[in-house]
Amino acid sequence: MILWIRGKAWINNSIEEVCIQFDRFIKSIKKECKPDMEFRENQLIIPGSIDMHVHTRGAKLSYKETIATATSEAVYGGVGLIVDMPNTLPPVNTYQRIIERLREFEYQSRTDFSIYSGVTKEVEKVDALPIAGYKIYPEDLEKEETKEVLKKSKKLKVLHPENPLALKVPRRLRQIWMEISSLNYVHGYKNVHITHITNYETVRLAKEMGFTTDITPHHLLVDGERDCLSKVNPPIRDYVTRLGLLKALFEVDTIVSDHAPHTKEEKNMEYELCPPGIAAVSFTSPFIYSLAFNGILSFDRAVSMLSKNPAKILGISYGEIKVGNVANFTIISKNPWRYRTKFSKVTETPLDYYKLEARVDFTIVQGKVAYDGENVYPIRGMNPFDKSSQYKL
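This write-up is about the structure you can find in this document.

**A short note on the state of the cysteines**
Consideration 1: Enumeration according to the criterion identifies two disulfides in this entry.
Consideration 2: A sulfur-sulfur distance of 2.3 Å marks the disulfide that ties C19 to C33. The S-S bond linking C19 to C33 shows a torsion near -85°; that makes this disulfide left-handed. Of this pair, C19 sits in strand β2 (residues 14-22) while C33 sits in the loop between β3 (26-30) and β4 (37-38); the two residues are 14 residues apart in sequence, bridging distant segments of the chain.

**Remarks on the pairing of strand β8 (residues 112-118)**
Consideration 1: Taking burial as the measure, the seven residues of β8 include seven buried ones, the bulk of the element.
Consideration 2: Burial along β8 is two-sided: the residues D112, S114, Y116 and G118 and F113, I115 and S117 are all buried.
Consideration 3: Summarising the sheet, strand β7 (residues 79-84) and β8 pair through four bridges and their orientation is parallel. Bridge pairing in β8 links D84 to I115.
Consideration 4: In this structure, β8 lies alongside strand β9 (residues 133-136), joined through three bridges in parallel fashion. Paired with S117 across the bridge in β9 is Y134.

**Here we look at the packing of helix α5 (residues 176-186) against helix α6 (residues 200-208)**
Consideration 1: Their axes nearest at 9 Å, the elements α5 and α6 cross at an angle of 10°. Considering their axes alone, α5 and α6 lie roughly parallel with respect to each other. Crossing handedness for the pair α5 and α6: right-handed. Along the contact surface, α5 presents E179, I180 and L183, while α6 presents E201, T202, L205 and A206.
Consideration 2: Class assignment of the residues belonging to the contact of α5 with α6 gives a composition of four nonpolar, one polar and two charged.

**Describing the pattern of salt bridges**
Charged atoms that come close allow side chains of opposite charge to pair.
Consideration 1: Overall, the coordinates contain 25 salt bridges when judged by the stated rule.
Consideration 2: Its salt-bridge partner being E266, residue K64 comes within 2.7 Å of it at the nearest N-O pair. Residue K64 is located in the loop between β6 (49-54) and α1 (67-76), and its partner E266 is located in helix α9 (residues 264-267); the two are separated by 202 residues in the primary sequence.
Consideration 3: What makes E266 buried here is its relative accessible area of 14%.
Consideration 4: Here K308 makes a salt bridge to E320, at a shortest N to O gap of 4.0 Å. Here K308, found in helix α11 (residues 299-314), pairs with E320, found in the loop between α11 and β14 (329-338); they are twelve residues apart in sequence, far enough to count as distant.
Consideration 5: Exposure remark for K308: the relative accessible area of 33% places this residue in the partly exposed category.
Consideration 6: Of the residues examined, E320 reaches a relative accessible area of 31% and is grouped as partly exposed.
Consideration 7: Residues joined in a network through salt bridges with shared partners are D84, R97, E100, R101 and E104.

**Some words on the sheet that holds strand β10 (residues 156-159)**
Consideration 1: Pairing in this open sheet of eight strands is parallel, and the strands run β6-β7-β8-β9-β10-β11-β12-β13 from one edge to the other. Strands at the two margins of the open sheet, each flanked by one partner only, are β6 and β13 (254-255).
Consideration 2: Sheet topology note: the β6/β7 ladder contains four bridges and is parallel. Across the sheet, the residue bridging to D51 is I82, located in β7.
Consideration 3: Each of β7 and β8 is contacted by helix α2 (residues 95-108), which is oriented at about 160° to β8, the strand it contacts most.

Each value, and the rule that gives it
Residues numbered from 1 in each chain as written. Predicted model: local features only at pLDDT ≥ 70, side-chain atom pairs only at ≥ 80, totals over all residues. Heavy atoms only, no water. Disulfide = S-S within 2.5 Å. Helix = DSSP H or I, 4+ residues; strand = E, 2+ residues; numbered from the N terminus. Buried < 20%, exposed > 50% of the residue type's maximum accessible area, 1.4 Å probe, protein only. Pairing = 2+ DSSP bridges. Axes fitted to C-alpha atoms, helices over the stretch in contact; angles between N-to-C directions. Parallel < 35°, antiparallel > 145°, perpendicular 65-115°, else oblique. Left-handed = near helix turned anticlockwise from the far one by under 90°. Contact = heavy atoms within 4.5 Å. Nonpolar A, V, L, I, M, F, W, Y, C, P; charged D, E, K, R; others polar. Salt bridge = Lys/Arg side-chain N within 4 Å of Asp/Glu carboxyl O.

Printed below as a string of C-alpha cells:
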C-alpha cells in the first residue's frame, strides 16, 4: 500500500513543509498532495532513530525481557531499528544459533532489526550471514578467534572498552585506565566501533585511532553507581568525569541506550551479586531531541547522532528522509513529560521521572504505524542486511 503523509519534516538539514509518498521505501517527496495522514503544526517528522546497542534478551532469558517487549519499548521511544547484542542464553556466536536468533526476530520484532555475533571460531561461515557485525567483550580480547575476526571480517566490530583485568578486580577498581588501554588491543584494525564510552579521554583517543564512537545517556546523567539500579558495565564515573563527558555530545558519532533489562528480584539482590544493566531504550531519542528543543544541540546534530551517523556506520539506507531510503519515521512534538518505561518488562530505572521536552507521537516502521502515541502495533520488522532470506541450517 502506498501512502502520503504531510507535515513539517527534517529534510536536507532544514525543516520544510512537505508531502512524503512511501510504501516500505520512500517513493517521492513533493510540496503538495492529498495526504492519508496529516500532522499538526507542532509536530515534526524526522528519520526513524537507530539504536546500535540493545540487549533484547529473549530465548532462555525471556523472563527478563522478550524481543516483543523490548522492541515495543523501542518504538515507544521513537526507535525504528535496533541492533541486538549476542550475550543472551544461549549465546549468539555460532552459525546455527545466529539463524535461530534471526528467526526469533522475524517473528517477534516490532522494529527493524539486526544482530551482532559474538566472537566465533566459525568466522568464514558466520561472516556470510546477514548480521551487522561482531561484539568484542573484555574476556575476548586475548582470544585467537578475536584476532581472526578482526583480520578477516569486513563487517563492523563493536568493542566493549575494558581490558580483561577489569573482570578480575572489585568494581571500585574498574578504573578509566582499563577502558583506555583496551583500545590498544584493536588499534590498527579497520571498521571498529567503541561503544558506551564513559569518559572524554577515551573518546579523544578512539577518534585519533580512527574508530567510530558512542556514549549512553546514563553515563552522562546518573549520579554515580549508588546501588543495583544504577549498576552498569563499564561503571558510571564520578561527577567531574561525567561533566567532561558532556563535551562528547558534540564529538561522538552516535548515542545508544545499552538497554539491558533484568527482573526486579535480580535488581533487589545484594550489590555484589545483582547483575549490571539499565533498561531505557525509550529514553535516548526523547532526551536528545529535548536538548535540541532547548537549544543545547542543533537539530542537525541530534538527527545525525540518532539516525544519520548510525546508518552510515552500519552501511544501510536509513537515517535520512530521501527517495529510496527505508520508510522509517519518528514524529515528535515539544510536549513536556516525565520519563517512565511503558512496554518493557522493566518498570524501574534510575532515569525515571527525568523531565523531557520532546515526546514521541508516532513511530512509523517499514511504512506502517508501529506506535501511535498510545498503543504499539504488531508490524513486522525487517533485517536490512538480509537481501535474500535464503539462509538455511
